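Remarks on the overall topology
Given next are the chains, with one letter for each unit.
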Number of protein chains: 4
Amino acid sequence: MSYTNSELFVSPFCRRTAARTPNSFTMERLLRKCIIRNQLVRECLAECLGLYILIGSGAAAQVITSNGNHGNYLTIQLGSALGALFGILVAHGVSGAHLNVVWSMSLSILGRHPWRKVPLYALSHLLGAFLGAATVYLQYYDAIQVFSGGQLLVAGPNATAAIFCSYPAEHLSFWGGLVDQVVATALLLICCLAVVDRRQGRLPNGLAPVLVGALILAIGLSMGSNCGFPLNPARDLGPRLFTFIAGWGEEVFTAGGGWWWIPTVAPFVGGLLGTVIYELLIEVHHLTTPHEEQSPGPELEEVVVDSGNNR
Amino acid sequence: MSYTNSELFVSPFCRRTAARTPNSFTMERLLRKCIIRNQLVRECLAECLGLYILIGSGAAAQVITSNGNHGNYLTIQLGSALGALFGILVAHGVSGAHLNVVWSMSLSILGRHPWRKVPLYALSHLLGAFLGAATVYLQYYDAIQVFSGGQLLVAGPNATAAIFCSYPAEHLSFWGGLVDQVVATALLLICCLAVVDRRQGRLPNGLAPVLVGALILAIGLSMGSNCGFPLNPARDLGPRLFTFIAGWGEEVFTAGGGWWWIPTVAPFVGGLLGTVIYELLIEVHHLTTPHEEQSPGPELEEVVVDSGNNR
Amino acid sequence: MSYTNSELFVSPFCRRTAARTPNSFTMERLLRKCIIRNQLVRECLAECLGLYILIGSGAAAQVITSNGNHGNYLTIQLGSALGALFGILVAHGVSGAHLNVVWSMSLSILGRHPWRKVPLYALSHLLGAFLGAATVYLQYYDAIQVFSGGQLLVAGPNATAAIFCSYPAEHLSFWGGLVDQVVATALLLICCLAVVDRRQGRLPNGLAPVLVGALILAIGLSMGSNCGFPLNPARDLGPRLFTFIAGWGEEVFTAGGGWWWIPTVAPFVGGLLGTVIYELLIEVHHLTTPHEEQSPGPELEEVVVDSGNNR
Amino acid sequence: MSYTNSELFVSPFCRRTAARTPNSFTMERLLRKCIIRNQLVRECLAECLGLYILIGSGAAAQVITSNGNHGNYLTIQLGSALGALFGILVAHGVSGAHLNVVWSMSLSILGRHPWRKVPLYALSHLLGAFLGAATVYLQYYDAIQVFSGGQLLVAGPNATAAIFCSYPAEHLSFWGGLVDQVVATALLLICCLAVVDRRQGRLPNGLAPVLVGALILAIGLSMGSNCGFPLNPARDLGPRLFTFIAGWGEEVFTAGGGWWWIPTVAPFVGGLLGTVIYELLIEVHHLTTPHEEQSPGPELEEVVVDSGNNR
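Residues numbered from 1 in each chain as written. Chains lettered and ligands numbered in written order. Predicted model: local features only at pLDDT ≥ 70, side-chain atom pairs only at ≥ 80, totals over all residues. Heavy atoms only, no water.

**Things to note about the overall build of chain A**
Looking only at helices and strands, chain A features 13 helices and 0 strands. For chain A, the succession of helices and strands along the chain, N to C, is α-α-α-α-α-α-α-α-α-α-α-α-α. Across the 311 residues in chain A, those meeting the buried criterion constitute 64%. Accessible area for chain A stands at about 10900 Å²; split by element, carbon and sulfur atoms hold 64% of it. (Helix = DSSP H or I, 4+ residues; strand = E, 2+ residues; numbered from the N terminus. Buried < 20%, exposed > 50% of the residue type's maximum accessible area, 1.4 Å probe, protein only. Areas by Shrake-Rupley, 256 points an atom, 1.4 Å probe, with all protein chains shown as cover.)

Pasting the structure below:
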């Protein structure tokens, strides 16, 4: 049976071809007027949307405002993991879905990403996280008002600030918090580098984002008790800025003995540590040919030209 | 070893060939008399079955009637997610498994689906959801009777209407409900468009349905507290019509201040918003060649001819 | 770098070649004396081992004897799902991992499996399930003795028979139980047929077992409250026979008004219903060529020759 | 669009090529000075890191010190499973990620791994597990101090030793513990052999580690109640040695009637049993050609040369 029949269309999961219907040309022409050709701007938009999705899929608002009736600790971690998964899926084909400036820094250190893009990615993440927090607040406005009795507090039984960003547990000391963030981010980087290390085996499309989501779940279940495992400066600072503006006030920065800067700075240390560990223990030793050792120049990996991509 | 031996057969997971056994010809001849050639009718049957499976796999009946002994909030969301996964699996090879008229609308706006099919898909979804709800009621008849004491109520500690469709939480205002549905459906569409966007990477067969199921789980865990995240007009209205007929009465339409029309209408708004967001931030900017810009005609994507499919 | 060096070995996840070390020849020669060439016997061994793994991975023993401290309803369902997954993985390359005589029956009805093998598979399943139950009892002997106070009961707060097989909930009537088993098995068959339907898309190796495991989870979460969703005559009868012999006595057959025969017979009805539904709504309508309609003879699908398999 | 532009870079999930940026040459030159060419040393480093990740991702510390507020039995098992998954991912491309000397033993028995490497792998595992436990202690130092009141105990309501290694449940007898470890390790080996058995079907890259993680979850949910399913001598002994040194004292070896040696020795028995079961029931019977039977020499499987790997 021929596939040129205009009756046929490409459904999302069908493998049959599509002939666009005439009325779509109007929508397509409208959208085409909005095409942005600058690759860097596209990447920033993708990174921004990725963080927006990641924060918007957070389950803490639901669990806290429902007093644990609509979720528990596990569902909060599952929500974080799935948010990371879909944040990656919306961006990975455009920018690689860094979603974390520590990851950008790691790749830059290894020469796989230009340094000049790192601050731009960081700003995109900050904006996306800020807007994501604003959306969560909008969506849960009624629930937050009822739960908090109208008072937006950082601490206490009706506190709601923890919906948006991290705060240290009562038992956590300064050095404990620093070590926690460094160790957790180091583990995050070690495992992410392993996931993208093609010499560990080329993963099928779509599996890497799933594994990274699973990694976020693993860290949340094993290292989330001390302070909620932020591990991502923008992911923590963006929503914190939002809560500062939206009514929780300056206590978001003073709480926990001025906790806020630790999840903003310590992940960089952990990220560097994790990168060095993985490189020294695993990646730098991948078998090399004499040729590779003699000419340490730019390495062009296999070019994949995908239909519709990169023409 | 040759594969023509009639002893051999194709087991579901085996890769060995099959020679059909003689007695199968009778069953095959009987079934062949029922072949429907009209593609649109086939698609409607598939969409109907998909919604039927989606509703039938819902875990709310079990959790509510067992007073939480056989499940909890997480298992209800897992049940929804898995129901979506298998609803897609039974239909995706035939119709693309839209399972949601908002998704059909989005694809039509983008010119990937003919508008004339949208109302027919919607009716198929409505019928499938109605029959799915009837099956759940049949299967849990005893449990519902015992739990409710024989009184089919919409509200109260022994209410059972929420097994079938959505009702707003007490804290939820009118605008809160509207915003909740718009935001949640927008996120659903953004992520679905990313999953099927081949320029984000071609997923192996079977992974896209799994990701969509994971997306349903993510939304349930993070946006389910306000009203149960219907996000799908037919999925909510079909079972609601069933409960209206089956004995819960007109309160299913009056409850929550006439809540019923919000999950029927608001998802369209959210779907349009999500489509525009994804297109403007990601998809419309995928690199284009000068050739593609000059000739915005029908685009024929790669034809995949699978044995037994589309001959 | 050459791969003939005997230093190299094939690690399970490595892609490097292996030269077997000399001392292995003794083990290999010993094992080779045990090779069974009869294909049917091999398949029965595989089916037996598959059910053994499925039952052995059941989490009910742990949850019941620990009074819910080491698990809950969700973990029991997860355990069932994972047991099904690994039961399939140990057998699918040999026999297709039917693991359920209802599935064998469905394939035979569709002409994809010889009827003469069905009773042999059923006996293998029965034996595997019986031995699996015996292993669970052995492993949890101490825990069962302590929990039950030495009395092996079918009902009551210290009952332990439900570890092994299904019993109806108090609210369940005779017809309710029958309908429950028919509906659940029908859904099981519809979804299994969709998973193995190549015209829905060819799944990568290993994904089909994962999807079937997910299906078991879905059914457990949504249809497990009435009687524990046995759906599999051998899976229910084998362990029931074990408990009859091991000390729970004849009450295992008299409980629930003689419940035992319903999960032994009703799944066949549900299996037939599910098969007919999927065929009439989906599979029989897959596009056919005039050629296929004219010559309804044996259909040889693509031959896959894998190294070491089927030579 | 050409891919030689030095502007382009390889993002982790993008398929576009990368030209390394000049400043990376410094980092690369520094790292290249650390290249270790000895394959065995590399494998030991990888195995060590794998166990380190596996232990470091354990969720027991979080659940115990938070009194169940930040997790429960299920999250502990999920943490173990995910720890196994990522432990495999960091090592599998280098050494095959044995992570368990019982697995190394099994492969050696089958002639797929040189015996001389087994003790070296075991020592690497022991070291990795010891360091992993030390890291968990460091990260949860504050939480452990607060929970235990400063007293590091093996038993009692404020005991913390179980964070690190296994202890028998009160109901467990000597023989019960022995049988438990033998049965659980046998099931572990049967299923692992099935996962890596290419004649069951070649799994896509990345799926095997996921399945092994799922297997760990299955065992934890179904066989974890008796003693926490160690199944891995180094995984249990390494952290136990750490607790002995770090302050819990010699009670870690005397508790449970000198329990410590059972999870160190019994898994070998279970591993041998599982290997023999899988070989005799499944693997040895895979169809062979007359040629294969006559020449039982070294078998060279398909050589896969991956860019950057093994040149």
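**Considering the UniProt feature "transmembrane region" (unreviewed entry) in chain A**
All names here are of chain A. Within this numbering scheme, the UniProt entry marks residues 44–64, 76–99, 120–140, 174–196, 208–231 and 258–281 as carrying the feature "transmembrane region" (unreviewed entry). Helix makes up 100% of residues 174–196 and strand 0%. Its end C-alpha atoms lie 33 Å apart. Overall, residues 208–231 shows 67% helix and 0% strand. The separation of its end C-alpha atoms is 19 Å. (UniProt positions renumbered as here; feature names shortened; annotations may be inferred.)

**Side note on the packing of aromatic side chains**
Applying the stated criterion across every chain yields a total of 40 aromatic pairs over all chains. Arranged with centres 5.5 Å apart and planes meeting at 75°, the rings of C:Phe244 and C:Phe253 form a pair that is edge-to-face. Geometrically, the ring pair formed by C:Phe253 and C:Trp260 is edge-to-face, given 5.4 Å between the ring centres and 90° between the ring planes. According to the relative accessible area criterion, C:Trp260 is partly exposed, its value standing at 30%. Every member of this aromatic cluster is reached through a ring pair, and the members are A:Phe130, A:Tyr137, A:Tyr141, A:Phe164, A:Phe242 and A:Trp248. (Phe/Tyr/Trp six-rings, centres within 6.5 Å; stacked < 30°, edge-to-face > 60°.)

**So, the environment of C:Asn158**
Residues and elements named next belong to chain C. Within the fold, Asn158 resides in the loop between helix H7 (141–148) and helix H8 (174–196). Of the residues examined, Asn158 reaches a relative accessible area of 33% and is grouped as partly exposed. Taking the C-alpha atoms as reference points, Asn158 and Ile109, separated by 49 residues in sequence, lie 43 Å from one another. Other than its neighbours up to four places away in sequence, Asn158 contacts Phe147 and Ser148. (Contact = heavy atoms within 4.5 Å.)

**Quick look at a nonpolar patch on the surface**
A surface patch of nonpolar side chains, amounting to about 520 Å² of accessible area, comprises A:Phe174, A:Trp175, A:Trp260, A:Trp261 and A:Val265. One can find A:Val265 in helix H12 (residues 262–281). (Patch = residues over 30% accessible without salt bridge, like charges linked within 9 Å, V, L, I, M, F, W, Y side chains within 5 Å. Salt bridge = Lys/Arg side-chain N within 4 Å of Asp/Glu carboxyl O.)

**Digging into helix H9 (residues 207–223) of chain B**
Between the first and last C-alpha of H9(B) there are 24 Å, a value that for 17 residues agrees with the 24 Å anticipated at 1.5 Å per step. By the criterion of burial, H9(B) is predominantly enclosed, with 16 of the 17 residues buried. (Expected span 1.5 Å × (residues − 1).)

**Regarding the pattern of salt bridges**
Using the criterion set out here, one finds 12 salt bridges over all chains in the structure. The closest approach of N and O atoms between A:Glu43 and A:Lys117, which form a salt bridge, is 3.2 Å. Residue A:Glu43 is located in helix H2 (residues 39–56), and its partner A:Lys117 is located in the loop between helix H5 (101–109) and helix H6 (118–139); the two are separated by 74 residues in the primary sequence. Among the residues examined, A:Glu43 registers a relative accessible area of 1% and is labelled buried. On the accessibility criterion, A:Lys117 (3% relative accessible area) is buried. Its salt-bridge partner being B:Arg240, residue B:Asp236 comes within 2.7 Å of it at the nearest N-O pair. With B:Asp236 and B:Arg240 both in helix H10 (residues 233–248), this residue pair falls 4 residues apart, about one helical turn.

**So, the packing of helix H2 (residues 39–56) of chain C against helix H6 (residues 118–139) of chain C**
All names here are of chain C. For the pair H2 and H6, the least separation of the axes is 7 Å and the interaxial angle reads 35°. By crossing handedness, the relation of H2 to H6 is classed as right-handed. Residues Leu40, Glu43, Cys44, Glu47, Cys48, Leu51, Tyr52, Ile55 and Gly56 of H2 lie in contact with H6, whose contacting residues are Leu120, Tyr121, Ser124, His125, Leu127, Gly128, Ala129, Leu131, Gly132, Ala133, Thr135 and Val136. By residue class, the composition of the contact of H2 with H6 is 13 nonpolar, 6 polar and 2 charged. (Axes fitted to C-alpha atoms, helices over the stretch in contact; angles between N-to-C directions. Left-handed = near helix turned anticlockwise from the far one by under 90°. Nonpolar A, V, L, I, M, F, W, Y, C, P; charged D, E, K, R; others polar.)

**Focus on the state of the cysteines**
The tally for this structure, following the rule as stated, stands at 0 disulfides over all chains. Free of any disulfide, A:Cys34 has its nearest neighbouring cysteine sulfur in A:Cys48, separated by 17 Å. (Disulfide = S-S within 2.5 Å.)

**Some words on the side chain of D:Asn100**
Residues and elements named next belong to chain D. Following the sequence through the fold, Asn100 ends up in the loop between helix H4 (73–91) and helix H5 (101–109). Here Asn100 falls in the buried class, since its relative accessible area comes to 8%. In contact with Asn100, other than residues within four places in its own chain, are His125, Leu188, Leu231, Asn232 and Pro233.

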